[in-house]
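# Analysis of the macromolecular model
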Number of protein chains: 2
Amino acid sequence: MSNKYVIGYSTTKFGELWDYSLYDLVQTVTGSVLEKTKLEAAQVDAVFYGNMMAGIIENNLHSGAKLAELLGTHVPVYRTESACASGGMAFHLATMYLDAHPDSTVLVIGAEKMTDVSPPDVTSALQAAASGEEQLAGLTFPGLYAMLARMYMETYNYTEEHLAHVPVKNHFHAVRNPYAQFRREITINQVLKSPYIATPLKVLDSSPISDGAAAVLLTNSPNIRKRVAYSVRVLASEVATDTISIKHRRRMDTLQASVVASNKAYAACGITAKEISVAEVHDCFSIAELLAMEDLGFWAKGEAGSRIVTGETRLDAGGSLVVNASGGLKASGHPVGATGIKQIGELFLQLTGQADSRQVAKARYGLAQNVGGSGGTAVVTILGQV
Amino acid sequence: MSNKYVIGYSTTKFGELWDYSLYDLVQTVTGSVLEKTKLEAAQVDAVFYGNMMAGIIENNLHSGAKLAELLGTHVPVYRTESACASGGMAFHLATMYLDAHPDSTVLVIGAEKMTDVSPPDVTSALQAAASGEEQLAGLTFPGLYAMLARMYMETYNYTEEHLAHVPVKNHFHAVRNPYAQFRREITINQVLKSPYIATPLKVLDSSPISDGAAAVLLTNSPNIRKRVAYSVRVLASEVATDTISIKHRRRMDTLQASVVASNKAYAACGITAKEISVAEVHDCFSIAELLAMEDLGFWAKGEAGSRIVTGETRLDAGGSLVVNASGGLKASGHPVGATGIKQIGELFLQLTGQADSRQVAKARYGLAQNVGGSGGTAVVTILGQV
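Residues numbered from 1 in each chain as written. Chains lettered and ligands numbered in written order. Predicted model: local features only at pLDDT ≥ 70, side-chain atom pairs only at ≥ 80, totals over all residues.

This brings us to the overall build of chain A. Looking only at helices and strands, chain A has 15 helices and 12 strands in total. Taking 386 residues into account, the globule formula puts the C-alpha radius of gyration at 21 Å, and chain A, at 19 Å, falls close to it. When the backbone C-alpha atoms are referred to their principal axes, chain A occupies close to 55 × 45 × 40 Å. Across chain A, the fraction of contacts at a sequence separation of at least 24, relative to all contacts at a separation of at least 6, is 78%. (Helix = DSSP H or I, 4+ residues; strand = E, 2+ residues; numbered from the N terminus. Rg over C-alpha atoms; globule rule 2.2 N^0.38 Å. Contact = placed C-beta atoms within 7 Å.)

As structure tokens, then:
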């Protein structure tokens, strides 16, 4: 049985945070997560940091030393980058650190500042997660996911209306999340009438450009765990990769990295998909949540289009699994490096009964899926009540 | 006693490699290190990748998935970035992976492509490793290290000629390294007459802009180790951080991160500085090797200026410690993400008697020091003969 625990979580609001720099956001969540757990910076043995694009956007690298300066520490600070899975990867490496270091406590931070440059510039920076060939072809991520959506809809006979149920559900949830970027409900009709970005995907099928930071504290120290109010067990954290170029994949109706990572994660802890009651999945575009539901073993292949319309994964459905209670990337916002940490944080809140008006009843096991690029990297984490 | 071993090493030549892309270089060393060890790609359980600036220079992120595509694998691929210590950090995290995963084999790659853009653009990209304030002040890395050099020279009463002995030694070594960028001897006079970049540092005090890749294989699998011809034990790998801004440091005549990391490394394996017979230190500028010799405990504080002129750390001196037998960053070249791996690789060659005309006699223990920025990150690795 794993002896690794998430013991605290803090996040900024996600959105257009023009008054805050990247490191303002990092400093905010660091101070806040330490305060919530009543730990001192000196009790942190290492820091893991997920950020994708500060190098491109603000010529800002070597964040490890920048964080060391903020925290006033000489401890190791590890920056990891795996596109939009940078946060999940930071968490994953932090669990590895604990496996290698008994009696330790680790701070994991994800952060991204995306709104300080123009939309074309941030779109171009996001393209850095695609293959060179895809970039040269002018394929942006809406374009790449539009191809996946088109293939899925044609193979399984679904329409744009089936996809639209994803953002409608996730906006419904975000109303209940005070840190979400978009706290308003939307209708199927609004989604269908929103402008196309890359047919068949529309504005309201797409996660936004966001600023934000999130942090969790992880420990395997029995003494530290005794002192904190809340803890959740890390049951599994697995990573898998796939080809960066979608043209080199055998199938386009699945993200193979998610399948491999989730199968490894279920096997590692002996929990099955049926036992998960709360999941945060990487809905960067509506199609991505449908693929995730199938790839993670919640629903059978080809079934997601019809299952999503039943609303069974909505908080108010009373079903056995609630998906993206935080609002997901779509409505909670998607500061790319922060997303993987926010997902873990949402599970932490749900499994410790701290999710207030969006609390999932009787949540015992939670799963987070964080995806890089068009599926070149996937991180799957399973947490459980202590 | 550590059960982690370096079992293979491959490097490209370092230099202006205009015929090769970043991933050409990665593919070359990957194929070559597998071939040398007679291992298959399928026997690699994870990949760690150090690269600093491909995001800025060629809008190229998410290398994890790009490497997965090159290697034809679904295994985890972790990209780490810590400025010029990116390679050392990748190696360090790989040793952590082995601590957490028994019976595993890991490929560690460092690579950088710096000559495809103009010198001002690469200088600007390198500045991303400094604080925002330092960048705004126009402080490039030659400028930052020039300040360290000036402080050291004035505090301990040394001249530019003392500094010049570093590159003269390292060029002497590089003549014996077929993969080095500059395989020619230089004289003290040539160094002193070379143009200033940032007084008191001159062109011949400074490591060059380089392309290159290097790879090592690491294992803790007894079966794999039995099958390979060479292995070297990983005795310690430690990381420490310091403030990113030099103005926030208490002293400027030392890199505190190197002191902390090396003290931790010596303590971890019970080896003392006196027992090290071959060291690769981060001589990005002449002053950096002098500081390293003191910070790593080889020489007393303030002594390096006078010790370096004795030539005792030269291959032909017959001393107890040879430093930068590869030619160091100065003469072997400094493709930043690759440097930390090349340092480990040089120790591997030295400790297994494969260093040909630059072989250090009776080398039993080796130390590598890889520095990020102006000392915001330091990675210290100690390897020993099996």
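The next subject is the confidence of the model for chain A. Mean pLDDT for chain A: 97, with 100% of residues reaching 70 or above. Our summary of model confidence lists the complex with pTM equal to 0.98 and ipTM equal to 0.97. (pLDDT = per-residue confidence, 0-100.)

When the parts come together, some accessible area is lost, and that loss is often what is quoted as the size of the interface. All names here are of chain A. Each assigned domain of chain A is listed here: domain 1 (5-117 + 210-232) and domain 2 (129-208 + 234-385). Just the C-alpha atoms count here: the centres of domain 1 and domain 2 sit 23 Å apart. Taken together, the contacts link 37 residues of domain 1 with 37 residues of domain 2. Going through the elements one at a time, strand E1 (5-11), helix H4 (86-100), strand E4 (105-112) and strand E7 (212-219) are the ones with two or more residues in the side of domain 1 that touches domain 2. Considering each element in turn, the side of domain 1 that touches domain 2 owes the most residues, 7 residues, to H4. Grouping the constituent residues of the side of domain 1 that touches domain 2 by class yields 21 nonpolar, 13 polar and 3 charged. (Domains from an automatic or database assignment. Nonpolar A, V, L, I, M, F, W, Y, C, P; charged D, E, K, R; others polar.)

Bringing the packing of helix H1 (residues 22-37) of chain A against helix H3 (residues 63-71) of chain A into the picture now. Residue and element names in this part refer to chain A. At a closest axis distance of 11 Å, the pairing of H1 and H3 adopts a crossing angle of 50°. Of the possible angle classes, the one that applies to H1 and H3 is oblique. Considering only the axes of H1 and H3, their crossing is right-handed. Between H1, through Tyr23, Val26, Gln27 and Thr30, and H3, the contact on the second element is made entirely by Lys66, Leu67, Leu70 and Leu71. In terms of residue class, the contact of H1 with H3 is built from 5 nonpolar, 2 polar and 1 charged. (Axes fitted to C-alpha atoms, helices over the stretch in contact; angles between N-to-C directions. Parallel < 35°, antiparallel > 145°, perpendicular 65-115°, else oblique. Left-handed = near helix turned anticlockwise from the far one by under 90°.)

Right, let's talk about the relation of the copies chain B and chain A for a bit. If you rotate chain B by 180° and push it 0.0 Å along the axis, it lands on chain A with an RMSD of 0.0 Å. Classification of the inter-copy transformation places it as that of a two-fold axis. (Least-squares fit on C-alpha atoms with pLDDT ≥ 70 in both.)

Tallying the contact residues gives 49 residues for chain B and 49 residues for chain A. Contributions of two or more residues to the side of chain B that touches chain A are made by helix H2 (54-58), helix H3 (63-71), strand E3 (77-80), helix H4 (86-100), helix H5 (119-127), strand E8 (232-241) and helix H11 (256-269) of chain B. No other element matches the 6 residues that H4(B) contributes to the side of chain B that touches chain A. Split by residue class, the side of chain B that touches chain A holds 22 nonpolar, 21 polar and 6 charged.

Okay, the environment of B:Leu296 next. Residues and elements named next belong to chain B. Mapped onto the fold, Leu296 is located in the loop between helix H12 (286-295) and helix H13 (304-308). Separated by 95 residues in the primary sequence, Leu296 and Leu201 have C-alpha atoms spaced 23 Å apart. Those residues in contact with Leu296, other than ones at most four positions away along the chain, are Ser258, Ser262, Ala273, Val281, Leu367 and Gln369.

What describes two packed helices is the angle between their axes and the distance between those same axes. Residues and elements named next belong to chain A. In contact at an axis separation of 5 Å, H4 and helix H15 (residues 336-351) are set at 55° when each is read in the N-to-C sense. Here H4 lies oblique to H15, going by the angle between them. Along the contact surface, H4 presents Ser86, Gly87, Gly88 and Phe91, while H15 presents Val336, Gly337, Ala338, Thr339, Gly340, Ile341 and Ile344. A breakdown of the residues in the contact of H4 with H15 according to their chemical character gives 5 nonpolar, 6 polar and no charged.

Residues and elements named next belong to chain A. Taking 1.5 Å as the rise per residue, helix H7 (residues 141-156) with 16 residues should run 22 Å; its terminal C-alpha atoms sit 22 Å apart, in good agreement. Among the residues making up H7, those that are buried are Phe141, Pro142, Leu144, Tyr145, Ala146, Leu148, Ala149 and Tyr152. Packing partners of the buried residues in H7 comprise helix H5 (119-127), helix H6 (132-136), helix H8 (160-174), strand E5 (196-198), strand E6 (201-202) and helix H12 (286-295). In the stretch just after H7, Asn157 is the one whose phi turns positive, near 65°. (Expected span 1.5 Å × (residues − 1). Buried ≥ 20, exposed ≤ 12 C-beta atoms within 10 Å, placed from the backbone.)

Our focus in this paragraph is helix H1 (residues 22-37) of chain B. Residues and elements named next belong to chain B. Along its 16 residues, H1 runs 23 Å from first to last C-alpha, staying within 8% of the 22 Å computed at 1.5 Å per residue. For H1, the complete set of buried residues consists of Leu22, Tyr23, Leu25, Val26, Val29, Thr30, Val33, Leu34 and Thr37. End-on view of H1: buried residues confined to an arc of 155°, all on one side of the axis. Where the residues of H1 are buried, they touch strand E1 (5-11), H2, H3, strand E4 (105-112) and strand E7 (212-219). Phi turns positive, to about 55°, at Lys38, one or two residues after H1. (Arc of directions from axis to C-beta.)

Counting residues in each nonpolar core, the largest one holds 276 residues, and the members touching the most others are A:Val108 and B:Val108. In this view, A:Val108 contacts A:Phe48, A:Ala90, A:Phe91, A:Ala94, A:Ala215, A:Val216, A:Leu218 and A:Ile341; residues no more than four positions away in its chain are not counted. (Core = buried A, V, L, I, M, F, W, Y, C linked by C-beta atoms within 7 Å.)

What follows covers the environment of B:Thr37. All names here are of chain B. With respect to the secondary-structure elements, Thr37 resides in helix H1. In this structure the C-alpha to C-alpha distance between Thr37 and Ile188, which are 151 residues apart in sequence, comes to 41 Å. Apart from the residues lying within four places of it in its own chain, the contact partners of Thr37 are Ile7, Gly8, Leu217 and Val228.

Our next topic: unusual backbone geometry. All names here are of chain A. Note the cis peptide between Thr199 and Pro200, where omega equals 5°. Looking at the element boundaries, Pro200 is found in the loop between E5 and E6. Its identity is not glycine, yet Asp103 carries a phi of approximately 55°, on the positive side. Located in the positive-phi region is Lys362, a residue other than glycine, with phi close to 55°. Note on placement: Lys362 falls in the loop between H15 and strand E11 (365-372).

Another aspect to go through is the pairing of strand E8 (residues 232-241) of chain A. All names here are of chain A. Of all 10 residues that make up E8, 9 are buried, and the element is covered over most of its length. Pairing of E1 with E8 involves 2 bridges; the strand directions are antiparallel. Note on E8: the bridge partner recorded for Val6 is Val232. (Pairing = 2+ DSSP bridges.)

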